[in-house]
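Chains, contacts and geometry: an overview
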Amino acid sequence: MKSITVKAEREYEVLFVDDYASTLIRLVDENDAVIIYPEILSKYVAVLPESWHRICVPDGEAQKNSATFVESLNRIAAKALGKSTKIIGLGGGATTDLAGFLAASYLRGVEWIAVPTSLAGMVDASVGGKTGINLESGKNLAGAFHSPIAVVVDESFLKTIEERDLSAGMAEVVKCGFIADGEILKLIEEGWRDNLSKLIQRAINVKAQVVSEDFRESYAREILNYGHTLGHAIEKHSSYQMRHGECVSIGMVFAAELSRKVSGLSEAAVNLHRDLLQALNLPITYKKEAWPELFELMQSDKKKGSKGLRFVTLMDLGKTTRAEEIPLEVLEDIYLSEVGE
């Protein structure tokens, strides 16, 4: 069994398996278990032990809110389950975010296991220990750092997901190529579908290394937010009708243009962003008239620094830095001329 080690507040393994059910049974052992899952994945939960408690939640971002969180927490508490309980998040990134936050909150912290079923969940959301929900003011504004005891990656889940979701997940993969691992970019150019297993493992390895260096995002971990400042604003502006990866794709084009302007990124590298993202069937533009609202939404981004908006930028492919105190007119010009349509 292949695995990648993540060192955070606890050390755990990302396990690459071909039978998630038997792996979960082994990890839970004789303990109580609660499975958090969206209804669309019910058939994958049906094969798990009947003694495990089940909580079905809405699909996608609709589950990452205070109402679902409190209702789920009350349902877990009503069962009077103890500290040895294992909470399992089986679903996309929204589900693992919710399950992890439930685990961090119940009895002030119980163990949990992530079983990501989407590409974005596998390479991003389930790894790193960030858990949380969205608030009316923005994305991921309530949450906790609470690492799982294991992440179970079974690529067979990807055989049934929509093409759009595969493309959206690839946004987080190519991001890892831009910020850290140039081999990812080469593998995508060669043919990402044929190299999907390698790409998943390389992307997870990038995130594992970054998280192990900086678990609570004091500085180094910020590089994983490349493209996310504008991306999260677009996601909120679209009322979460756009996929996270689609929004991050647009955000990376913006970040690349900003990098060219303030950090010395070459025009060739900026063009590579556009070429690879379009080849992955990802959007690279958003409506011009949304800029005032997007800028306002970015002000509530949790990554905002004491000097205002802070962006992760590139000096070169694989070489990151930070940009702060950028005049509004510069940001507006980049958006309207390079991203807006």
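Here's a quick rundown of the structure. All values derive from a computational prediction rather than experimental measurement. (Residues numbered from 1 in each chain as written. Predicted model: local features only at pLDDT ≥ 70, side-chain atom pairs only at ≥ 80, totals over all residues. Heavy atoms only, no water.)

**Describing unusual backbone geometry**
Stated formally: In this text, helices come from DSSP runs of H or I with a minimum length of four residues, and strands from runs of E with a minimum of two, each type numbered from the N-terminal end.
Positive phi is not limited to glycine here, since Leu107 has a value of about 55°. Here Leu107 is to be found in the loop between helix H4 (93-105) and strand S6 (111-116). In this model, Glu325 sits at a positive phi of 50°, which is unusual for a non-glycine residue. On the secondary structure map, Glu325 appears in the loop between strand S11 (319-324) and helix H13 (328-339).

**Considerations on the state of the cysteines**
Rules: For the purposes of this analysis, a disulfide is any pair of cysteine sulfur atoms at a distance within 2.5 Å.
By the definition in use, this model includes zero disulfides. Here Cys176 is not cross-linked by a disulfide; its sulfur's nearest cysteine counterpart is in Cys247, at 18 Å.

**As for the side chain of Asp154**
Here is the rule we go by: The buried label applies to any residue whose accessible area, calculated with a 1.4 Å probe on protein chains only, is under 20% of its type's maximum; exposed applies above 50%, and partly exposed to all values in between. This count recognises Lys and Arg as positive and Asp and Glu as negative, with His and chain-terminal groups excluded. Think of a salt bridge as a Lys or Arg side-chain nitrogen and an Asp or Glu carboxyl oxygen that are within 4 Å of each other. For the purposes of these results, a polar contact is taken to be a pair of N or O atoms within 3.5 Å, where, inside protein, one atom must be able to donate a hydrogen and its partner to accept one; residues adjacent in sequence count only when each atom of the pair is a side-chain atom. Contact between two residues is taken to exist if any of their heavy atoms lie within 4.5 Å; hydrogens are not considered.
One can find Asp154 in strand S9 (residues 150-154). Lys159 provides the closest opposite charge to the buried, unpaired Asp154, separated from it by 7.5 Å. Among the polar contacts made by the side chain of Asp154, one reaches the side chain of Ser156 at a distance of 2.7 Å. Sequence-distant contacts of Asp154, that is, excluding residues within four places in its chain, are made with Val17, Asp18, Asp19, Tyr20 and Met122.

**Focus on the pattern of salt bridges**
Going through the model one piece at a time under the given rule, you end up with 16 salt bridges. In this structure, Arg193 engages Glu163 in a salt bridge whose closest nitrogen and oxygen atoms are separated by 2.1 Å. In this pair, Arg193 is assigned in the loop between helix H7 (182-191) and helix H8 (196-213) and Glu163 in helix H6 (residues 163-179), connecting sequence segments 30 residues apart. For Arg193, a relative accessible area of 46% corresponds to the partly exposed category. Overlapping salt bridges bring together Glu257, Arg260, Arg274 and Glu338 as one network.

**A closer look at the packing of helix H3 (residues 66-78) against H4**
Basically, it comes down to this: Fitted lines through C-alpha atoms give the axes, limited to the stretch in contact for helices. The angle between two N-to-C directions lies from 0 to 180 degrees. Small angles under 35 degrees read as roughly parallel and large ones over 145 as roughly antiparallel, with 65 to 115 read as roughly perpendicular and the rest as oblique. Handedness of each helix crossing follows the sense of rotation of the near helix against the far helix: counterclockwise by less than a right angle gives left-handed, clockwise gives right-handed. Residues are sorted three ways: Asp, Glu, Lys and Arg are charged, Ala, Val, Leu, Ile, Met, Phe, Trp, Tyr, Cys and Pro are nonpolar, and all the rest, Gly among them, are polar.
Here H3 crosses H4 at 50°, and the two axes come no closer than 10 Å. Here H3 lies oblique to H4, going by the angle between them. Where H3 crosses over H4, the handedness of that crossing is right-handed. Between H3 and H4, the residues in contact are Thr68, Phe69, Ser72, Leu73 and Ile76 and Leu98, Phe101, Leu102 and Ser105, respectively. Here the residues of the contact of H3 with H4 are counted per class, giving six nonpolar, three polar and no charged.

**Quick word on the nonpolar core**
Worth spelling out the cut-off: For this analysis, a nonpolar core means a set of buried residues of the types Ala, Val, Leu, Ile, Met, Phe, Trp, Tyr and Cys, connected via side-chain atoms within 4.5 Å.
Among the nonpolar cores identified, the biggest contains 114 residues, and Tyr20 and Ile87 are the most heavily contacted of them. Setting aside residues up to four positions removed in sequence, Ile87 forms contacts with Val34, Ile36, Ile76, Ala99, Leu102, Ala103, Val110, Glu111, Trp112 and Ile113.

**Digging into the pairing of strand S2 (residues 11-17)**
Which entries qualify depends on this criterion: Think of it this way: DSSP has to see at least two bridges between two strands before they count as a pair.
The buried fraction of S2 is high, at five of seven residues. With six bridges joining them, strand S1 (residues 2-7) and S2 adopt antiparallel strand pairing. Looking at S2, one finds that Val6 is bridged to Tyr12. Where S1 folds back on S2, the antiparallel hairpin that results is connected by three residues. Pairing between S2 and S9: five bridges, direction parallel. Counted as the bridge partner of Val14 is Val151 from S9.

**Overview of the side chain of Thr68**
Counting through the fold element by element, Thr68 comes out in helix H3. The exposure class of Thr68 is buried, given its relative accessible area of 9%. What Thr68 contacts, discounting residues up to four positions off in sequence, is Val57, Pro58, Ala62, Gln63 and Leu98.

**A word on the pairing of S6**
Selection rule: Crossover handedness is defined here as right-handed if the route from the first strand over the helix to the second strand goes clockwise, with the strands pointing away from the viewer.
The element S6 is largely enclosed, with a buried count of five among its six residues. As for the winding sense of the linkage, the β-α-β connection from strand S5 (residues 86-91) through H4 to S6 is right-handed. Two elements, S6 and S9, share two bridges in a ladder whose sense is parallel. Looking at the pairing, Ala114 lines up with Val151 of S9.

**A look at the sheet that holds S9**
Reading across from one edge, S1-S2-S9-S6-S5-S3-S4 is the order of the seven strands in this open sheet, with mixed pairing throughout. The two strands at the open ends of the sheet, each matched to only one other strand, are S1 and strand S4 (53-57). Each strand of the sheet is rotated relative to its neighbour by a mean of 20°, with strand direction disregarded. Strand direction decides the pairing type here: strand S3 (residues 33-38) and S5, joined by four bridges, are parallel. The partner of Val34 across the bridge, within S5, is Ile87. Its contacts with the sheet put H3 on S3, S4 and S5, and the angle it makes with S4 is roughly 165°. With respect to the sheet, H4 is in contact with S3, S4, S5 and S6, its orientation differing from that of S5 by roughly 170°.

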